[in-house]
2 protein chains.
Amino acid sequence: MYSEEIEDLLRKSKVKVGDFVAIEKNGNTMEGTIMPNTGDPGILVVKLTSGYNMGLTSDIKIKKLDKEMKKKKPFKYEHDKSKKTILILHTGGTIASKIHYETGAVHPALTPADIVSSIPQLGDLVNVKAEVVSQIWSDDIKSDHWMLYAKKMAEEHSRYDGIILTMGTDTIHYTSAALALMLHNIPKPVLVVGAQRSSDRGSSDATMNLVCAAQFIINGGFAGVGVCMHENMNDDYCLIHPGLHVRKMHTSRRDSFRSIDKMPIARVNMEGHIEYIEKIQQGKTFRPTIVFDNRVALVKLYPGFDYKQLEYYEQNGYRGVILEGTGLGQAPINSVDEFTKDHKKLLDAMRRMSKKMIVAMTSQCIYGKVNMNVYSTGRLILDAGVVPVSMTPETALVKLGWSLGQEKDLERAKKLFLEDVAGEFVDRVDPRAFLN
Amino acid sequence: MYSEEIEDLLRKSKVKVGDFVAIEKNGNTMEGTIMPNTGDPGILVVKLTSGYNMGLTSDIKIKKLDKEMKKKKPFKYEHDKSKKTILILHTGGTIASKIHYETGAVHPALTPADIVSSIPQLGDLVNVKAEVVSQIWSDDIKSDHWMLYAKKMAEEHSRYDGIILTMGTDTIHYTSAALALMLHNIPKPVLVVGAQRSSDRGSSDATMNLVCAAQFIINGGFAGVGVCMHENMNDDYCLIHPGLHVRKMHTSRRDSFRSIDKMPIARVNMEGHIEYIEKIQQGKTFRPTIVFDNRVALVKLYPGFDYKQLEYYEQNGYRGVILEGTGLGQAPINSVDEFTKDHKKLLDAMRRMSKKMIVAMTSQCIYGKVNMNVYSTGRLILDAGVVPVSMTPETALVKLGWSLGQEKDLERAKKLFLEDVAGEFVDRVDPRAFLN
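Values in this document were obtained by computation on a predicted structure and should not be read as measured data. (Residues numbered from 1 in each chain as written. Chains lettered and ligands numbered in written order. Predicted model: local features only at pLDDT ≥ 70, side-chain atom pairs only at ≥ 80, totals over all residues. Heavy atoms only, no water.)

### Brief notes about the interface of chain B and chain A
- Counting from both sides, the interface comprises 83 residues of chain B and, opposite them, 83 residues of chain A.
- Carbon and sulfur atoms make up 58% of the surface buried where chain B meets chain A, a total of about 6,800 Å² over both sides.
- Inspection of the chain B/chain A interface yields four salt bridges.
- Taking the shortest distance from any N to any O, the salt bridge between Glu 324 of chain B and Lys 300 of chain A comes out at 2.7 Å.
- On the surface where chain B and chain A come into contact, there are 26 residue pairs in polar contact (both at pLDDT 80 or more).
- Counting residues per element, the ones that place at least two in the side of chain B that touches chain A are strand E8 (105-108), helix H4 (143-156), strand E14 (246-248), strand E18 (296-300), helix H7 (311-315), helix H9 (376-383) and helix H10 (393-406) of chain B.
- When the residues that make up the side of chain B that touches chain A are grouped by side-chain class, the tally is 35 nonpolar, 29 polar and 19 charged. (Contact = heavy atoms within 4.5 Å. Buried area = accessible area lost by both parts, 1.4 Å probe. Salt bridge = Lys/Arg side-chain N within 4 Å of Asp/Glu carboxyl O. Polar contact = N/O pair within 3.5 Å; in protein donor to acceptor, adjacent residues only side chain to side chain. Helix = DSSP H or I, 4+ residues; strand = E, 2+ residues; numbered from the N terminus. Nonpolar A, V, L, I, M, F, W, Y, C, P; charged D, E, K, R; others polar.)

### Let's talk about helix H6 (residues 206-219) of chain A
All names here are of chain A.
- Relative to the 20 Å expected for 14 residues at 1.5 Å per residue, H6 spans 20 Å between its end C-alpha atoms, a close match to the ideal helical length.
- Within H6, 13 of the 14 residues are buried, which leaves the element mostly enclosed by the surrounding structure.
- Looking one or two residues beyond H6, the residue adopting positive phi is Gly 221, at roughly 60°. (Expected span 1.5 Å × (residues − 1). Buried < 20%, exposed > 50% of the residue type's maximum accessible area, 1.4 Å probe, protein only.)

### Overview of helix H11 (residues 410-417) of chain B
All names here are of chain B.
- Along H11, the residues that are buried comprise Leu 410, Ala 413, Lys 414, Leu 416 and Phe 417. Looking down the long axis of H11, one finds its buried residues gathered within 160° of arc, a one-sided arrangement. Looking at H11, the residues exposed on the side facing more than 90 degrees away from the buried face are Glu 411, Arg 412 and Lys 415.
- If you follow the buried residues of H11, they end up packed against strand E19 (320-325), helix H8 (345-356), strand E20 (358-363), strand E21 (387-388) and H10.
- Structurally, the start of H11 carries an N-cap: the backbone nitrogen of Glu 411 is 3.3 Å from a side-chain oxygen of Asp 409. (Arc of directions from axis to C-beta.)

### Looking at the sheet that holds strand E21 (residues 387-388) of chain A
Residues and elements named next belong to chain A.
- The sheet built from four strands is open, its strands ordered E18-E19-E20-E21 with parallel pairing. Edge positions in the open sheet fall to strand E18 (296-300) and E21, since each of these has one partner strand only.
- Here five bridges tie E18 to strand E19 (residues 320-325), and the two strands are oriented parallel to one another. Residue Val 299 lies in a different strand from E19, and its bridge partner there is Leu 323. (Pairing = 2+ DSSP bridges.)

### Describing the confidence of the model for chain A
Residues and elements named next belong to chain A.
- Confidence in the prediction for chain A averages 87 pLDDT; 85% of positions are at 70 or higher.
- Below a pLDDT of 50 lies the segment residues 198-202, which in the model reaches 13 contacts outside its immediate sequence neighbourhood of four places, other chains included.
- Considering only residues more than four positions removed or in separate chains, one finds that residues 336-340, a stretch of pLDDT under 50, has 13 contacts.
- Two numbers describe this predicted complex: its pTM, 0.84, and its ipTM, 0.84. (pLDDT = per-residue confidence, 0-100.)

### Comments concerning the sheet that holds strand E10 (residues 162-166) of chain B
Residue and element names in this part refer to chain B.
- Read across the sheet, eight strands follow the order E9-E6-E10-E11-E12-E13-E16-E17 without closing on themselves; strand pairing throughout is mixed. A single partner strand is all that each edge strand has here, and the edge strands are strand E9 (127-132) and strand E17 (274-276). Neighbour-to-neighbour, the strand axes of the sheet open up by a mean angle of 25°, direction not taken into account.
- As defined by bridge partners, strand E11 (residues 189-193) adjoins strand E12 (residues 224-230) across five bridges and the pair is classed as parallel. Residue pairing across strands places Leu 191 opposite Gly 226, the latter belonging to E12. (Axes fitted to C-alpha atoms, helices over the stretch in contact; angles between N-to-C directions.)

Following this line, the structure appears as structure tokens:
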């Protein structure tokens, strides 16, 4: 429900949620569909014909229009030899959502041609080839899709100056980690780009994220996999995050993506101003390794964690488990207190499982390195065969499946898993990157 | 291993790791035990007789002493009627660790009397009653201990001006959430205090955290449960975090604790200067509810999450599961893509389980509210009976066990779980608290 003030306005204007309307504000007129309230009840949300939401206060005039949401002209692609050319692979998600009328929620259905035609700045800047590679929420994107996207990029990158993958934001960091490993040393820039819902501000961050990504591709001299998202709430700069060290840190802010333990690669604005912060070194040999073994899991530990939960992975043919431990890589293994009954059973399970699969330790702190040598409990867990990996739990999960996908033999897979292939291990934590 | 320079110094001084030595630096002499290197190889770490580590560069003289680590005089408690009196409950952890000679790692073994005698500032400030309530790593602290500590506090708080609980840092935020719920409206200040390993700087943050906590207790006019830890790396101020909205965000920094979605309650320094940032309102009726049902779990979702993992909880008599979803509270439930075979089975499992237990959704973003009304997938998950809760996954887990501990009936437990009892629900996200 909207606030009384907004509901009053709707009543007086004789319109309701779902109606296609003309809106007059400060002498300007816009057309769009009235959306149900999902955020601030004092802000009327209107889905404009461009596909993006606008938030409006009650100082507007509303008039119902008898027609449907305008059908847009199909995007006509005209190649301009003087411009660089990028490939946009579209996977689904907020960045290309349109209203799902039945529920009032958004559902992925827009084509890339729609994106490009609605962002003329992109057409001014580059030649665009757009392709729909999936129609899927980011939450449903998994290893099969990562491999599909990587295969496409491996096949087509030489024909373009760079590639943008658009997707829903929720799992961008899993996808970027997978692409960074599968396409290690790719000689072209690959940027994963999303848009956060921004009904609170009534504007979309999709345009800026896409244009900044295109600017970085054509002017950045970058090769490798990054994530391009808002730097802050000011709509001025985007950050290019390293694909293996980035994470969604807020459920809704446009600046929710943050580099973890590393600095971002660069900041870039829509005019193409680029400031490099921390360059990434790539090797010259591009040999795509587009594999993944799905028999991996990510398990978060917590006080009172029931060790029997781990037995599922033992009994169901899993080949690897990433534990998200506490602090430096600890787990509730060694209670010396009278209250704990299952003394050492978690440690026993770790020891047993480490003989059959790769069991690795990360930290739920998110920031900072894992170091299991500091405390006696950590040493016991190390002794049980659990291997510490200083990377985000999300990147560790992807690295694990990717390593196991390459090697049938467990020891060889473990060796690959523990080897720093594409800079995925955090060797030195950058203190500037903490909560920044 | 230490750097060549440090190893040289040790060799020339004819001492090795584990030796008790006298160290001369700038004319001052200290005694302590040479520790193995766990951080910067260029910094020699010496465990002083006070129990704290000091980091030293090579510009020192070292002489081996033939005696053992000095035994300290037992702390003699002298009550001073002019001072306020605090109760320190000691549970174990880094804050009171001493060297574990066999492994070179630390192991909890110091008594509270040792703490107080090694921190004379504390004795100058307040009368202290110290008690060992457990000898346990924070990772092994679970609901039984939370209840033990809460019971002690409920029984004894009226005799003191405030209570400090010292513990290892890894799970402070789980403990503080449990105490905040079990002791809601306690009319005295209860502060959970820990210390981070600080071998990188060669100093301990234990002293400052404890003295700041004591200052806030005697001068803050506060009642309720908070966490007192370093604000930054400058050793100048501590923050008092709300017990229900705090999280360890870095594996090793002394300023790793951060308020999540709420501002800290106050900043305080060792001289007792206090700046309130965001006061917490408590009610007047203190009725401790010291219960917990252990049949709860915390499960992190991720791309490709195998829904069968949830069946463990169904089959093993669990009464509640906190899901750590992606973004606004999403899950890989609804792939519309040809690649996903287990179409909707995760949703089916959620629906089935929601009839038998409480299944709640939080977000792995850590920051920001959950909102499952925005996307059609979120709506489907809501429709399956999963309830969204805007709090950290860690606080949600504690709230779930606490709610189920009070109510045998599932519906009543769910009602309590979804009711804001002690301000645990994040009603309004404070933008200032994001990554701050």
